[in-house]
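Each chain is listed here by its residues.
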Amino acid sequence: MIPAEKKRADANPTKAFFVRMITRDITLEDCIFDLVDNSIDGAWELAGGHPLSLDDKTDLSAYKISIRIEEDCFEISDNCGGITLDDAVDYAFTFGRKDEAETENFSIGVYGIGMKRAVFKLGSQIDIRSTYEADGSPSSFRVPINVEDWLASGDDNWDFDIEEAEDLEQKGVQITVTDLTEAAKRSFESPRFIRNLRRSIARDYALHLHRGLVIEVQGEPISGWTIELRQGGEFSPMRAQFEEDIEDEKVFVEVLAGMAAPPPDDSEPSDDFDEGQNTSGWYVVCNGRIVLAADKTTLTGWGTEGWPQWHPQYTGFLGIIIFYSRRADLLPLTTTKRSVDETSAIYRQFRPKMREASREWISYTNTRKQIREEAAEREDAAKSVPIFEVTIRQDVELPKIAPKTKIPQANILYTVPRARAKSLASAFGNINMSYKDVGLRSFEYAFEDLVGDD
Amino acid sequence: MASFDSVNYSIRPSKSVQRAIVFQGLRRIFEVMDLGNAIYVGFGSIWFTDFVQAHKLLDIDDMVSIEANEIGFRRATFNKTYRTISVMEGRASVRLPDILELEGYSARPWVVWLDYDSALDEEVVDDMQWVLSNAPPNSIVLFTVSATQNAYGKKPIQRPKRIRALLGDVVQDDLSKDDCMKETLPKTLADLMMDFLKSEVADTARPGGFIEAFKLPYLDSVAMVTLGGILPAKGAAAAARALVADEGWTGIVGETIEAPPMTLREITTLQAELPAVANLTRERIQELGFDLHERQVRSFQKYYKYLPSFAEIIA
C-alpha cells in the first residue's frame, strides 16, 4: 500500500535544468539570434504587424538593432519599442509561453524560452533594461539577474526582481551580459566567430534587412543577401502561393524555385571555395526569418523518397519555401530556429511541391551535359531577378532538351611493340602518325576489307 | 632556392631591426612569465642568428633547428653555434611532432619561431595550426612569411581569392584587390593572419587563450610580416595580457619597418643627431651632406637603437 504522502512524484523543474541543460542544445550564434528575433518582433508589431509575404512593403528603416561584442561583455540594444512593465511582470520572464499570452502578430518568437536561454548561455551577470511608452510618455525599468545568486536562492522562488531605471535614449531594450561563460568568452575572442556572425545575419535576416531594418555588429551595419533567381529566355522560376487553415487560423505558404546560377561544367568536387555550391539548396523561411539555409540534406528531401542525394552537379539550384501566419506556433519552427520540425504536418504537406521543383532541376542538369555549350548560351539569356520580383507561376520552366539517341560504343585497347606500330604508321604514309590514328586506320582498313560498307 | 644560397640574411637591416624587437619583447615576456626551462625551436639555417640571441638574451640552452634542405642540413650541422643545438632534417610539418615527442619537451614551454622565406601557403597554414594546438602551455609562437604581392597571384584580382583559400572565414567578404597591392598587402596579410591565429586558438578552446604580442611588417628588398603571440597557461594569462597592453610594448608596429641599407659613416652622422625630440627631416639629412627617402628617415629615427652595424672584414 502506498502511503498517502507518497502518492505524488515530484516533477517540478529545477532552475539548474534551465541554466545548465537547455543551453546545451543551442549554439551561441543562435542564442544571439533569439535576442535579435525579439527585437524584430517588437519592430514588426510597431510597424503594423502585417502578414509577412514577399509582396509586403512594410518599411523597417526606422528600426535599429546594435550588437556589441567584447572579450568580457556582450550587449544588444534596439529602438524597437521596449517591453512594457505589464509584459515583464506577466510574460517576458516566464519560462515557457503561458496559454493566455496574447499572440503577437506574425512574430518569430513562439516558445517563451529564447531570451532566458540566450542570456544564460552568454554569462552570469545580466542586466535587462527597457524603456517603453506608457500613457504617452517614456517609462523604464530594469531586471538585473545574478545567475549564481538566483540558483542559490532555491527552486521555490523563480521570480526576478524588477527595479526602477533611467530612460534609455530611445524606446527599446538593452541587454548587457558580463561575467561571460567560458564558451562565450572563447568565441568572442575569435575574429572568425564575429565575421561568421555577420555572414549569418546577412543571410538569415535577408528579408528584414531588405525592408530597411538596420542590424549592426561592432558599429558596422550589415548588408543583407540579395536572394535572386534567374528569369528570362526559356527559364522561369516557380512562384506559387497557397493558403491553409489550421486550428481556425490561416497559414500562408509560398514556394519559389529555379536557377540561381548556371550549373557547373565540371561536377567533380573541387578544393576551391565554390560560392555557388555554398548557396545552392533549399531555404525555409518562417515568419520572415530564414531558419534553414542552403540545405542539401534529407531535411529538405534530398536522398529521401526516391529523391537523389545532393550532388555538386545540382549546384545553381535555389528553392525557398516561405511559411507565415499570425500564430507562429503553427509554423514548422524548432525551438532553436535553426532547422525545421520535420514532423510538422504543414511542412510534410508541402514537401512534394519542393520535390517536384528539385526534380525538374535534376533532370535539366542531367540532359544539359549533352549540349553544354548550347545550354550555357541559353542560360545566359536568363537574368537575375530578386525573389520579390519573380512572376507568379505554378511550376519551374527550364529548357526542354531532347536526350540524344546514343549509339552504343565499343572501346578497343591493345598493345604492340612500338617499332611495329611505327612501321605500320610509315606504311600508312606518315611515320609521325599518332598511335591512336594508327589503330583507327588499321580498324578501318580491316573493316573495309572484311566487312565492306556499313 | 634556399635562403642561405641567395643572401647572408644577417645583413638585412630591417630583418635585424625586426629580430631585435622580437627578442626585446621575448625578454620582457620572460620577466613576467615563468619560462626558465624553455626550449627554442626555429629555422636556424646556417647562420643561427636567432639561436645566438635566444641563448644570450633569453638564457635558453636546449634548441632545435629544422632544416629541410639536404645540403643545408649538413652545413647547419657543421655551423651550429652551440653544443646544445640539435639540427633536425626535414619539413617542419614532419619534424615538429617529433620534437614534441622528445623526452620532457611536451612539458616545457616552447619559444617557436617559424621564420619562412616563402609566402603563406597551405603548408605554412598547417604548420601554424599544428603549433597553435600542440605547443605546451606558456609557449610563445612566431611566424614570418613573405608578403610579396605576386606570390599571392600575378594579377591583383586573383589575390583576395588566394588569401581566402588559405585563411578561410576570417577573411572579410569584401576583401578587395586594393587591399592586396604591393603597398597594402603586408598590412592586410598581417591583420588577417593575426585574426587567423586568434580564431584558431579560440576555436580549439586553449585554456589560456592567445595573446597578440608581435605584429611586425618589414621590408628589405622584399616585404615580410612577422606575427606572434603568447599561449599562456591559464594562471599566467593576466600578467602576460597586462604586459602587452602596456603603452611601452614595442612588439606591434603600424608602419612597415624599412631600415635603409646605410654606410657606417651615414649611420654615425645621423646617430649624432639623436635622440631628438623633433622629427628628423629629409632637409636636415641633405644639410648633413647626403639624402634618404622620408619614410627611411622616419624608420631610422624610430629604430636606430636596433640597427646593426655592418663592416666587411678583409681577411
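What you are looking at is a predicted structure, and each value in this text was computed from that prediction instead of being measured. (Residues numbered from 1 in each chain as written. Chains lettered and ligands numbered in written order. Predicted model: local features only at pLDDT ≥ 70, side-chain atom pairs only at ≥ 80, totals over all residues.)

Asks: Explanation requested: the overall build of chain A in the structure shown.
Replies: Across its full length, chain A carries 13 helices and 15 strands. Since a compact globule built from 454 residues should have a radius of gyration of about 22 Å, the 30 Å found for chain A marks it as more spread out than a globular shape. On the principal axes, the C-alpha backbone points of chain A span a range of 105 × 60 × 45 Å. A separation threshold of at least 6 residues defines the contact pool for chain A, and within that pool the share at least 24 residues apart is 73%. (Helix = DSSP H or I, 4+ residues; strand = E, 2+ residues; numbered from the N terminus. Rg over C-alpha atoms; globule rule 2.2 N^0.38 Å. Contact = placed C-beta atoms within 7 Å.)

Asks: Please explain the overall build of chain B as it appears in this structure.
Replies: Regarding its fold elements, chain B presents 12 helices and seven strands. Expected size for 315 residues packed as a compact globule is a radius of gyration near 20 Å; at 20 Å, chain B falls within 12% of this value. Projected onto its principal axes, the C-alpha coordinates of chain B cover approximately 60 × 50 × 40 Å. Looking at chain B as a whole, 40% of its 315 residues are labelled buried. Put simply, 69% of the contacts in chain B that link residues at least 6 apart link residues at least 24 apart. (Buried ≥ 20, exposed ≤ 12 C-beta atoms within 10 Å, placed from the backbone.)

Asks: I tried to follow the domain arrangement of chain B on my own but got confused; where do I start?
Replies: Quite often, the size of an interface is put as the accessible area lost when its parts meet. Domain annotation of chain B identifies domain 1 (3–245) and domain 2 (264–306). Averaged C-alpha coordinates put domain 1 of chain B and domain 2 of chain B at centres separated by 31 Å. (Domains from an automatic or database assignment.)

Asks: For this particular structure, what's the right way to read unusual backbone geometry?
Replies: Trans is the common state for peptide bonds, and a negative phi is the common state for residues other than glycine. A cis amide bond links Leu274 of chain B to the next residue, Pro275 of chain B, at an omega of -5°. Looking at where Pro275 of chain B falls in the secondary structure, it is placed in the loop between helix H10 (264–271) and helix H11 (282–288). At Lys337 of chain A, a residue that is not glycine, the phi angle is positive and equals roughly 55°. Of note, Lys337 of chain A is situated in the loop between strand S14 (317–325) and helix H10 (345–367). By C-beta crowding, Lys337 of chain A is classed as buried, having 25 other C-beta atoms within 10 Å. In the Ramachandran plot, Ala205 of chain B falls in the positive-phi region, its phi being about 55° despite a non-glycine side chain. If you trace the backbone, Ala205 of chain B turns up in the loop between helix H8 (185–203) and strand S6 (211–219).

Asks: Is there a simple way to explain the sheet that holds strand S12 (residues 281–286) of chain A in this structure?
Replies: By definition, the strands of a sheet pair up through backbone hydrogen bonds, in either a parallel or an antiparallel sense. Residue and element names in this part refer to chain A. One open sheet accounts for five strands, arranged S10-S11-S14-S12-S13; its pairing is mixed. Either end of the sheet is taken by a strand with one partner, and the two such strands are strand S10 (238–246) and strand S13 (289–295). Within this sheet the neighbouring strands show an average axis-to-axis angle of 15°, counted without direction. Here nine bridges tie strand S11 (residues 249–259) to S14, and the two strands are oriented antiparallel to one another. Across the sheet, residue Phe252 finds its bridge partner in S14, namely Tyr324. (Pairing = 2+ DSSP bridges. Axes fitted to C-alpha atoms, helices over the stretch in contact; angles between N-to-C directions.)

Asks: Which parts of the structure should I look at to understand the domain arrangement of chain A?
Replies: You can read the domains of chain A as domain 1 (15–221), domain 2 (228–269 + 276–389) and domain 3 (418–450). Spacing between the C-alpha centres of domain 2 of chain A and domain 3 of chain A amounts to 54 Å.

Asks: Would you mind going over the interface of chain B and chain A with me for this structure?
Replies: With 13 residues of chain B at the interface, the matching set in chain A holds 12 residues. Residue assignment for the side of chain B that touches chain A shows that the elements contributing at least two residues are helix H7 (159–167) and H8 of chain B. With five residues, the top contributor of residues to the side of chain B that touches chain A is H8 of chain B. Residues that form the side of chain B that touches chain A fall into these classes: four nonpolar, three polar and six charged. (Nonpolar A, V, L, I, M, F, W, Y, C, P; charged D, E, K, R; others polar.)

Asks: Could you clarify how one ought to interpret the packing of helix H7 (residues 191–204) of chain A against H8 of chain B in this entry?
Replies: A pair of packed helices can be characterised by two numbers: the angle between their axes and the separation between those axes. Running from N to C, H7 of chain A and H8 of chain B cross one another at 95°; their axes reach a closest spacing of 7 Å. Taken together, the axes of H7 of chain A and H8 of chain B are roughly perpendicular relative to one another. Between H7 of chain A, through Pro191, Arg192 and Phe193 of chain A, and H8 of chain B, the contact on the second element is made entirely by Asp195, Lys198, Ser199 and Ala202 of chain B. The residue makeup of the contact of H7 of chain A with H8 of chain B, split by class, is three nonpolar, one polar and three charged. (Parallel < 35°, antiparallel > 145°, perpendicular 65-115°, else oblique.)

Asks: Quick question: what am I supposed to make of the environment of Ala9 of chain A here?
Replies: Residue and element names in this part refer to chain A. Examined against the element boundaries, Ala9 turns out to sit in the segment before helix H1 (15–21). Residue class for Ala9 comes out exposed when judged on the 5 C-beta atoms lying within 10 Å of it. In this structure, the C-alpha to C-alpha distance between Ala9 and Leu292, residues 283 residues apart in sequence, is 40 Å.

Asks: It is not clear to me how the pairing of strand S1 (residues 64–70) of chain A should be interpreted in this structure. Could you clarify?
Replies: Residue and element names in this part refer to chain A. Direction of pairing for S1 relative to strand S7 (residues 214–217): parallel, over a ladder of four bridges. Counterpart to Ser66 in the pairing with S7 is Glu216. Strand direction decides the pairing type here: S1 and strand S2 (residues 73–78), joined by six bridges, are antiparallel. Bridge pairing links Ile69 to Phe74 in S2. Hairpin connection from S1 to S2: two residues lie between these consecutive antiparallel strands.

Asks: Would you mind showing me how to read the sheet that holds S2 of chain A here?
Replies: All names here are of chain A. The eight strands are arranged S5-S4-S3-S6-S2-S1-S7-S8 in an open sheet whose pairing can be described as mixed. Each edge of the open sheet is held by one strand with a lone partner, namely strand S5 (163–164) and strand S8 (220–221). Packing against the sheet, H7 makes contact with S1 and S7, and its axis sits at approximately 170° to S7.

Asks: So what exactly am I meant to see when it comes to the nonpolar core here?
Replies: Across soluble globular proteins, nonpolar side chains have a tendency to be buried as a group. Ranked by size, the top nonpolar core spans 175 residues in total, and within it Ile321 of chain A together with Val111 and Met193 of chain B carry the most contacts. Setting aside anything within four residues of it in sequence, one finds Ile321 of chain A in contact with Val253, Val255, Trp282, Val284, Phe350 and Met354 of chain A. (Core = buried A, V, L, I, M, F, W, Y, C linked by C-beta atoms within 7 Å.)

Asks: Can you help me understand the environment of Glu305 of chain A in this one?
Replies: Residue and element names in this part refer to chain A. With respect to the helices and strands, the residue Glu305 is situated in the loop between S13 and S14. Taking the C-beta count within 10 Å as the criterion, Glu305 has 9 such neighbours and is therefore assigned exposed. Linking Glu305 and Asp127, residues 178 residues apart in sequence, is a C-alpha distance of 49 Å.

Asks: Explain helix H12 (residues 294–303) of chain B to me, please; I cannot follow it from the model alone.
Replies: Structurally, the α-helix is built with 3.6 residues per turn, so residues lying three or four positions apart point the same way. Residues and elements named next belong to chain B. By the burial criterion, the buried members of H12 are Val297, Ser299, Phe300 and Tyr303. The buried side chains of H12 occupy one side of the element, clustering within an arc of 165° when seen end-on. At its buried positions, H12 is contacted by helix H2 (13–32), H10 and H11. (Arc of directions from axis to C-beta.)

Asks: What should I look at first to understand the packing of helix H6 (residues 122–134) of chain B against H8 of chain B in this one?
Replies: Residues and elements named next belong to chain B. The interhelical angle for the contact between H6 and H8, taken along N-to-C directions, is 45°, at an axis separation of 10 Å. Between H6 and H8, the interaxial angle falls into the category oblique. You can see that H6 and H8 cross each other, and the crossing is right-handed. Across from Met128, Gln129 and Leu132 in H6, the residues of H8 making contact are Leu197, Glu200 and Val201. (Left-handed = near helix turned anticlockwise from the far one by under 90°.)

Asks: Looking at this structure, how should I read the confidence of the model for chain B?
Replies: A low pLDDT score tells you not to read the predicted coordinates there in detail. For chain B, the average pLDDT comes to 92, and 94% of its residues sit at 70 or higher. Across the interfaces of the predicted complex, the ipTM metric reaches 0.84, alongside a pTM of 0.84. (pLDDT = per-residue confidence, 0-100.)

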